[in-house]
Amino acid sequence: MKVAVLGAGAIGAYVGAALDRAGAEVHLVARGPHLAAMRRHGVRVLSPRGDFTAHPHATGDPADIGPVDFVFLGLKANAYAACGPLIEPLLHDATAVVAAQNGIPWWYFHRHGGPYDGHRLESVDPNSAVSAVLAPERAIGCVVYAATELEGPGVVRHLEGTRFSVGEPDRSVSARCLAFSEAMRAGGLKCPVEPELRNDIWLKLLGNISFNPISALARATMRQMCRHGGTRRVIEIMMTETLTVAEALGCEVGVSIERRLAGAERVGDHRTSTLQDLERGKPLELDVLLAAVVELAEITGVEVPTLRTVHAISDLLASRSAA
């Protein structure tokens, strides 16, 4: 199996190191000091499950790699539309793209079935710009439950979780999903093939849609948001509205809001990725987390007044931070 990791940051390098350890032919695409460190010393993974170092090929130019069987996409979703020159050299006719993104993916309604089959969401695929680069037919969905961070160039700190759920948009248990799952498991990760992956998408989104924008607006950690009565109530309402949209689309999360909040509080003083991006002056990945659900509420006729309010304020923050 030949795999390219496009966007080999904390999650991408962690997955690449695991696949390399399993014997796959792995190529990491990165840049800057992180790339230089991986070239010199490999990927060092520091984990409560045991530290290890892997030495996959690392490059800043995908043309050095050529076509692969799988592209593991570790980029933020707001970078997808512009990644054409990077991903094009990696593709052959049957290359699958495993998109490890938070929020609602651009392929959400591809082979969905029912009245919304084939519908394009403007908030995540504006003017089909993402679909033009990443054909939905190539997509394998991936919901990441692992938490990692870059401790330094070439050094990945694995904090918790090893689960990467994958699934086909048409709900089939395909040969390509099974092959990727087997390689991930051989590398020490959990990688179940989930026919109803959209349920996992909404489960993960339940936290991201609420904690991420509120953390950026309040500059607060998970624990602080959960323990402040006002923000906790706002988050509960946002989660309730999100569940209503999910149910209107036939998805079941299967976890109570109280349990989701309790789990978030246990994470402690963790800063969400959106807050970290704000602090670093990076674009905020809120379209796929929040704007997409507001758009889904519009097409399903669900009232989401709190989501709309938080979206309006956080969208202004995102536009000002990008200026």
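These lines cover the structure that appears in this document, whether it is placed above or below. (Residues numbered from 1 in each chain as written. Predicted model: local features only at pLDDT ≥ 70, side-chain atom pairs only at ≥ 80, totals over all residues. Heavy atoms only, no water.)

Looking at helix 2 (residues 32–41)
- What helix 2 keeps buried is the set His34, Leu35, Ala37 and Met38. All buried residues of helix 2 fall inside an arc of 165° around its axis, so they share one side. Facing away from the buried surface of helix 2 by more than 90 degrees, the exposed residues are Pro33, Arg39 and Arg40.
- Taken together, the buried residues of helix 2 touch helix 1 (10–21), strand 2 (25–29), strand 3 (43–46), strand 5 (57–59) and strand 9 (147–152). (Buried < 20%, exposed > 50% of the residue type's maximum accessible area, 1.4 Å probe, protein only. Helix = DSSP H or I, 4+ residues; strand = E, 2+ residues; numbered from the N terminus. Arc of directions from axis to C-beta. Contact = heavy atoms within 4.5 Å.)

A closer look at the side chain of histidine 110
- Mapping histidine 110 onto the fold places it in the loop between strand 7 (96–99) and helix 4 (129–133).
- Setting aside chain neighbours within four positions, we find histidine 110 in contact with Pro136, Glu137, Pro169 and Arg198.

Here's the deal with the sheet that holds strand 10 (residues 155–160)
- If you trace the 4 strands from one edge of the open sheet to the other, you get 4-3-10-9, paired in mixed fashion. Edge positions in the sheet fall to strand 4 (52–54) and strand 9, since each has one partner strand and no second. For this sheet, the mean angle separating the axes of adjacent strands, direction not counted, is 25°.
- One ladder, built from 3 bridges, connects strand 3 with strand 10; its direction is parallel. Bridging from a neighbouring strand, arginine 44 pairs with valine 155 of strand 10. (Pairing = 2+ DSSP bridges. Axes fitted to C-alpha atoms, helices over the stretch in contact; angles between N-to-C directions.)

What about the packing of aromatic side chains?
- Evaluated as defined, the whole model comprises 4 aromatic pairs.
- Ring geometry for tyrosine 80 versus tryptophan 106: centroids 5.7 Å apart, planes at 85°, classification edge-to-face. With tyrosine 80 in the loop between strand 6 (70–73) and helix 3 (84–87) and tryptophan 106 in the loop between strand 7 and helix 4, the pair connects residues that are 26 residues apart, well separated along the chain.
- Since its relative accessible area comes to 1%, tyrosine 80 is described here as buried.
- Residue classification places tryptophan 106 among the buried positions, given a relative accessible area of 7%.
- Relative to phenylalanine 109, the ring of tyrosine 108 lies with its centre 5.0 Å away and its plane at 85°, an arrangement referred to as edge-to-face. (Phe/Tyr/Trp six-rings, centres within 6.5 Å; stacked < 30°, edge-to-face > 60°.)

Re the pattern of salt bridges
- Within the structure shown, the criterion is met by 16 salt bridges.
- Between glutamate 258 and arginine 232 there is a salt bridge, with its nearest N and O atoms 2.9 Å apart. In this pair, glutamate 258 is assigned in helix 9 (residues 257–267) and arginine 232 in helix 8 (residues 229–248), connecting sequence segments 26 residues apart.
- Look at the salt bridges and you will find they share partners, linking Arg227, Arg232, Arg233, Glu236, Glu258 and Glu265 into a network. (Salt bridge = Lys/Arg side-chain N within 4 Å of Asp/Glu carboxyl O.)

Re the environment of alanine 77
- You can see alanine 77 is positioned in the loop between strand 6 and helix 3.
- A C-alpha to C-alpha distance of 22 Å links alanine 77 and alanine 94, two positions 17 residues apart in sequence.
- Once residues lying within four places of it in the same chain are set aside, the contact partners of alanine 77 are Gln101, Glu285 and Val288.

A look at the nonpolar core
- The biggest cluster of nonpolar side chains holds 71 residues, and the ones touching the most others in it are Tyr80, Ile104, Leu134, Trp202, Phe211 and Val245.
- Examining the composition of this core, we find that 10 residues originate from one element, helix 6 (residues 197–218), more than from any other.
- In this structure, isoleucine 104 is in contact with Leu121, Val124, Ile201, Trp202, Leu205, Val288, Ala292, Val293 and Leu296, ignoring residues within four places of it in sequence.
- In this structure, Met38, Ala100, Cys142 and Val166 belong to the second largest nonpolar core, which totals 39 residues. (Core = buried A, V, L, I, M, F, W, Y, C linked by side-chain atoms within 4.5 Å.)

Quick word on the packing of helix 11 (residues 287–300) against helix 12 (residues 305–322)
- In contact at an axis separation of 10 Å, helix 11 and helix 12 are set at 140° when each is read in the N-to-C sense. Taken together, helix 11 and helix 12 sit at an angle that is classed as oblique. Taken as a pair, helix 11 and helix 12 cross one another with a handedness that is left-handed. Contacts between helix 11 and helix 12 involve Leu290, Ala291, Val293, Val294 and Glu298 on the former and, on the latter, Leu307, Arg308, Val310, His311 and Ser314.
- Class assignment for the residues of the contact of helix 11 with helix 12 results in 6 nonpolar, 2 polar and 2 charged. (Parallel < 35°, antiparallel > 145°, perpendicular 65-115°, else oblique. Left-handed = near helix turned anticlockwise from the far one by under 90°. Nonpolar A, V, L, I, M, F, W, Y, C, P; charged D, E, K, R; others polar.)

Examining the sheet that holds strand 5
- Here we have 7 strands laid out as an open sheet, ordered 5-2-1-6-7-8-11, and mixed in their pairing. Edge positions in the open sheet fall to strand 5 and strand 11 (164–167), since each of these has one partner strand only. The average undirected angle you get between the axes of adjacent strands in this sheet is 20°.
- As defined by bridge partners, strand 1 (residues 2–6) adjoins strand 6 across 4 bridges and the pair is classed as parallel. Paired with valine 3 across the bridge in strand 6 is phenylalanine 70.
- Relative to the sheet, helix 6 contacts strand 8 (139–144) and strand 11, its axis offset from that of strand 8 by approximately 40°.

That's the geometry; what it means functionally is another story.
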